[in-house]
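Each chain, written out:
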Amino acid sequence: MGYGFREIIIDQPFSGKWTEVDMNIGGGHGTFQGAKFSDYAGGFSYRNSSSQKHIVRNRFIYWRVLNDMLELTESSMDHNLEDNQVRILFRDSPIVSPVCIVEADANVVILVVTVTSVNRFVFTHPNKLFTEDQKSMKNTKQPSIFQQALIKPLMNFSSFSLFEHAINIPVPTTAASHIMPYHTGYIFALSYESGGVTICKITKDDTLCLYDLRQANIFARLLSYTPSILRYGSTSSPDAVVGISFFTAKLQHNKKNLFLVTLSMNGHLRLYICNNLHTIDSWTILVDILVDKRFAMAGHTDSTMVLRKCHENKNEYPKFVVFVPSEGFKIFQCLRDETGHALTKLVLNETNSINFKEKSVMDFCVTSEFLFTLVNNPDEETDWEVKSYDLNEQLHPGFNLALLEPPPQHDVYNSTSTEPKEFYSNLIFNKSSFSVSTIYSALSMLRNSDSFSKAECDWELTKFYALRVIESEIRSITAESDEPVGDDDVYELNLKYWGEFYTSCVEYHIGTVKPLGIFYETNSKVVCIVKKSRISFLRPTDFLETALYFPHFIPVPDSEEAASHTTTLLKYLEIMDNIESTLDEPHKYKIEKRIRGNKQNSMEIWDELANLIIEADPHSEVLERRHFVGMLTNKLRGLGVHGTVIMKNVIQILSTWDSENEVQVAHTSMDTTSSDDTERGSVSQFFMGSRLGANVTYRILMQLLSHRYMIGRNTLILQAIVSKFASERGDQEGVHILTSFNDQRTAQLTLLRCFSLLDLCDRPGEFVHDNWSENGLKVANLINCRALDQLVIGKIPEFWPIKLVELFCNSVTGGLAIRSRVNHLKPSMVLDYADAAGRALWCNEDSPEHPFEDFLIGACQYNTLAFYATTLQQYRQMDTERSVLRIFYSGVSDFFLRSPQAALSRLISIPHQNLRDAPYFCTKILGIQDQSQYLPNIFFEKIVNLFQIFGYTYGVQRLAEEALGICRDDRWVRIMSVLGFKSALTLRDYESAFQFILCMQKQSIGPSGQLLLGKERESSIRTFVTKVLENRDIDVLVGLKTEAFSDTIRDEIEKVLHAQAKLSDPLAEDSVYQMVYFYHLCRRNFEKAAMIMLERVTQVGIKGKGRGALEIQRDAYLDILSCISLTNEDTAKKIQIGSGDNSNVDDWLIVLQNTKISVTPESMPVEDHFGIMERVKSYEKIRRECELCISLLLLQDEQEVDPVKYFHERERAEACVSNLVSIHHYDQAIKVAQMWEISYLPVISTFTKTCVNLVYNIKPASGDPADYVRHLELSELPNSNASVPDLAFLLLKKYISTLEKPKESKLHQEATTVLLQHSINLPRWLLESYKKRDVNQLILCFMRYGDWEEAADLSLEVLDVALGRRDSKEFDPSVQVVTPFLHLPIIPYNTIEDLANQMNQYTKSQPKLVDVIQTLRERCDDFVLRVLETRQERRLMFTA
């Protein structure tokens, strides 16, 4: 079956980076400067070897000759090539066509002829550029052979000048080049108007050899005596060569020979053979024939003839095609001459003559099957066409116009009634394939175009640049206006400037799409049209396209019935084409709008269009509209009895998208055994894997879908017309199309499906947000979707915006799906691949896989996934499978686009009870192979996992609650309870979390048979309490209903509380200790509250440092005291609190004084951090430790203070007392000393010194004497308003009187000593108090500091008491009257004697002491006499 060809416009907004190479050959000293030569182009396809098939398959080079510049571009549909564009400049030396590209050994050689030089460029072959690692990689950039042009050491370029010193350089008419047999060098041929042909050879050692081909003729050789290249003048010769071509072939002994074919203006086609490959100075003419009989007439010449060479697939001898203007094409086959004994001779036989009367052939190429011509209109630059001729067609040979894509129109109709900015922006940047250079050229016409920075490498920034330029232009116009500018004026300005911008883009675009040449890409079996700044392809048409546009290619079967079916199908498609030509753009837009707006109820539009067409105005200017009804009636009658069957068959083709079904419907056969089938093989992973290949696939797929949509749309219109025609006119004779409701519904669903898929394919690929990629990969893995191997994250720094289908084709999922569907039923693998891509996207209802859905999820295309979910209902009447998938895909997209709450609402609405009716969903999404499982369990687990990926804990909790209502076994109850518990706990929904705990297993049996909490419940309680403590929500535990607690749960909670407290930081501001303390207080467990605070005190002492830790310790002590105060009043101050055993928090004790619990040192646990820990503390100990902390805090401004540690309290207390008195906190120092039973002497001594300072007016550092007593309690003093010294002595009196223990005088002695030391008279109260406590010590104090008179006076008073002269109440009890009835009083007689002796030593310095000493001795003598008398009296008493 034959086929036509259809153009594919390739998206190329960006031209890419060019590598510039300047050959700098001189150009004959500027001889040709300013001369203009025609631009032309061509291409080259690599040989497709089986060993390196994926490297060079679908890989080609195309070139453009622009006067003296050669542009070379290497492209591949399989691999992305880097640095694949190079410009070679032959300055002032125009290039002579054509450019020759050949593969030689490990190289690709490009041979170029200019008017003054021959040039050789050698590049490394792609097979040698690929490493083993690169051969297995996909979607990565591969090096182009032109990459070597960037590195000078790797450049293998050579240029050989032909005219170094010549003048009057002739201009070649044409040229040819080739590689020598066995790669011994390179051969060139240049023809001139004078008839000469110069042969040039470049040897391997870069030696240039020249030869004149006319010497091959003996007559011309006789005339030759100078180098012919210098003899050529400007005179035109009829024998001038206008076409020339080399080829190599084997003749005798399998030896390769070099041949040359020339075509002269006089119609002579000659074949030469080179007799000496080393010197190329010997050539023999083997064939000399006329290409056309007209040239037999004398003087008939034609300089516009064209010669082309074509190689057969399996024949080493080429074909030559000669185009003779106004006549056509002559095809000559080169063959070995088998007629005679000359086995070394080749002949040229004319095998075909194709009539073609047009003269304006720009270019043509020939394959084994087709002849392609590029024809243009010389008067209209944009008017060109491509025609194909099937060389194998026997029945209806002739040229067929290729279906070319229409260029952008200058005048466009805004049928959408949108704003001009939106309408033209969408037209320019999304639908017209304008390049960036075109857009910038169009914008350069505006005056503000230079005010903004350009971004020629970014499509989105280019669009933004255009918007800013036009908006700036409009603002400038409005700013310059003297009159007010209204909304209508702004609208008109937008319409004007956006319209002018679009028109300019069209004008510049037309210049870029002018065709320069065509060539046939042998690997992909497409024709490449090389245009001025872009390329396009011609691909074979699909079956439906061929049947509609090229019906003569559809063969008619031999069977009468099959022939009737085929003929009817073609007639039916002809009706579709007639309806298409009748519809105008507003009608088409109205249909699309109605389909988008109301997909389910769009049947009304078909009736409206049927009415419009049938009741058309007979005076309508549209001729088709006036005669359409009559024409349609005749054609419907022409369908015959098979009309309804054919319509249903067409709908079946559209709804199933099955290539084999297409052939069966047409009752024909498709020849799939073409000569290259063996070379096709299986489609590898690299096939069509580049951006170019993906774009070609996308363009073909859009064409196929648009064609199917057109047929489906027109079928619905036809059904509506037939129904209208039958119901109103009743004239249905001969019309055999019956349209039932089911037929209309099926057609409508098929159309909706086509339309939705068109929208999907035309959607741009989404830029994946950074926060999407990680979760997207997790979602894909969860539901068994293969993730895209290269996510498009952020901007795409590529040459054009990527489409969704391109992403699909380049993905692993899409590639596998498409390759598995390639069926080799199409005439081109490119078309086969695009058709397979369509079927991968289409997915019939019974398909076991849905690759496009997998791709959307794996590639994070969530906007498209949401759109796709809404299209699922168009596949057919909604069943459970599609309904479930639609809801599920919508829910997944909601996670990323809307909100998890919306996703929860959708997913929870899935009918999980009927999941067995959705086998694909169960197998693919849920991963269930065994349908006997209880599906709701697995469904909820999968959906819960989905919510866990996104961290939407409320959804997990909600689903767990829902699942617990339907779960049937303990395992799933346990799983859902744990999941729900964790989610509720994260949300701080503690009440729900606790309810989930109660749903868990209540008890388990321990190793000894005892009942324990279930593992999940125990673990959850531990987690629950821990989380409550972490979130500082202890009031939750307090607020839990007591009746919900069992004793086991309560004990476990308290156990965890205490354990968490011990593991926590006791220094934290809102520590766990405080929360546990609060918990016990609220539950009136005062003893446990005190215990936890005591533990905190201990831990703070171990771990804490600084003021903050000390304050925490103080507060903890106060909390303990508060708890004790809340206990029974009778036992509050008798309570003793156990500090606990760290190895078991449940052993903490409350020890009351009236209990029978005994605690011995032997039972106390050993603690590593401070040895044996005191198990119990009395109330008084707690009070004094608390007071110590309070006192230490008073020292914070003077020194660094740390918490108190066990077994260091007393040392800290002593140091604290010392430090307190140093800062004049005497009351607090005395208080601490009193509690810790520390001597008061330091306090009294320091305070007495303070009194001394006040007496001597020695001020403190602050300068205020009141600071000495500022921190003391003065309210209880009898005269609190006295002076500071008086207050100080009053306080001293208070301290000594209250603190001195009975029968002790240490404090008196200390105060007296300090005062006497500083020569201060003792206060009367101190003297009297001291006398009553220890008069002897007082006398010694006076003596120590030389107060002789005071000591003497006091001694005299003591002696007077002993002699009965004074009352003894003023002195301590040891001083009494000497009587015979009492024991002798213990008076300090020795001290008095010692006093007298010491004073005697100071009589010289103090003469007044003489009288004192005398008085004292006299009194002592009296005391001695009295003692002796008393003894005598006592002796007498006892003797009597």
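Everything discussed here concerns the structure shown above.
Residues numbered from 1 in each chain as written. Predicted model: local features only at pLDDT ≥ 70, side-chain atom pairs only at ≥ 80, totals over all residues. Heavy atoms only, no water.

1. Regarding the environment of V1221
Checked against the element boundaries, V1221 lands in helix α42 (residues 1209-1222). Between the C-alpha atom of V1221 and that of F1247, which follows or precedes it by 26 residues, the distance is 7.6 Å. With residues near it in sequence (within four places) discarded, V1221 still touches Y1226, A1229, V1243 and T1246. (Helix = DSSP H or I, 4+ residues; strand = E, 2+ residues; numbered from the N terminus. Contact = heavy atoms within 4.5 Å.)

2. Digging into the side chain of T582
With respect to the helices and strands, T582 occurs in helix α12 (residues 560-582). A distance of 2.8 Å separates a polar side-chain atom of T582 from the backbone oxygen of N578. (Polar contact = N/O pair within 3.5 Å; in protein donor to acceptor, adjacent residues only side chain to side chain.)

3. Some words on the sheet that holds strand β29 (residues 515-521)
Pairing within the open sheet is antiparallel, and its four strands lie in the order β1-β31-β30-β29. A single partner strand is all that each edge strand has here, and the edge strands are β1 (5-9) and β29. Direction aside, the axes of adjacent strands within the sheet are offset by 25° on average. Two strands pair when backbone bridges link them, and β29 and strand β30 (residues 526-531) are joined in this way by six bridges, in the antiparallel orientation. Across the sheet, the residue bridging to P515 is K531, located in β30. (Pairing = 2+ DSSP bridges. Axes fitted to C-alpha atoms, helices over the stretch in contact; angles between N-to-C directions.)

4. Structural notes on a negative patch on the surface
On the surface, a cluster of negative charge is made up of D482, E483, D487, D488, D489 and E492. Inspection of the secondary structure puts E483 in the loop between α9 (459-480) and α10 (487-512). On the accessibility criterion, E483 (62% relative accessible area) is exposed. (Patch = residues over 30% accessible without salt bridge, like charges linked within 9 Å, V, L, I, M, F, W, Y side chains within 5 Å. Areas by Shrake-Rupley, 256 points an atom, 1.4 Å probe, with all protein chains shown as cover. Salt bridge = Lys/Arg side-chain N within 4 Å of Asp/Glu carboxyl O. Lys, Arg positive; Asp, Glu negative; His and termini not counted. Charge placed at Lys NZ, Arg CZ, Asp CG, Glu CD. Buried < 20%, exposed > 50% of the residue type's maximum accessible area, 1.4 Å probe, protein only.)

5. Focus on the environment of W657
Among the secondary structure elements, W657 is positioned in the loop between α16 (643-656) and α17 (659-666). In this structure, the C-alpha to C-alpha distance between W657 and W842, residues 185 residues apart in sequence, is 7.6 Å. The contact partners of W657, leaving out residues within four places of it in the chain, are L701, L704, L705, R708, D835, G838, R839 and W842. A distance of 2.8 Å separates polar atoms of two side chains, one belonging to W657 and the other to D835.

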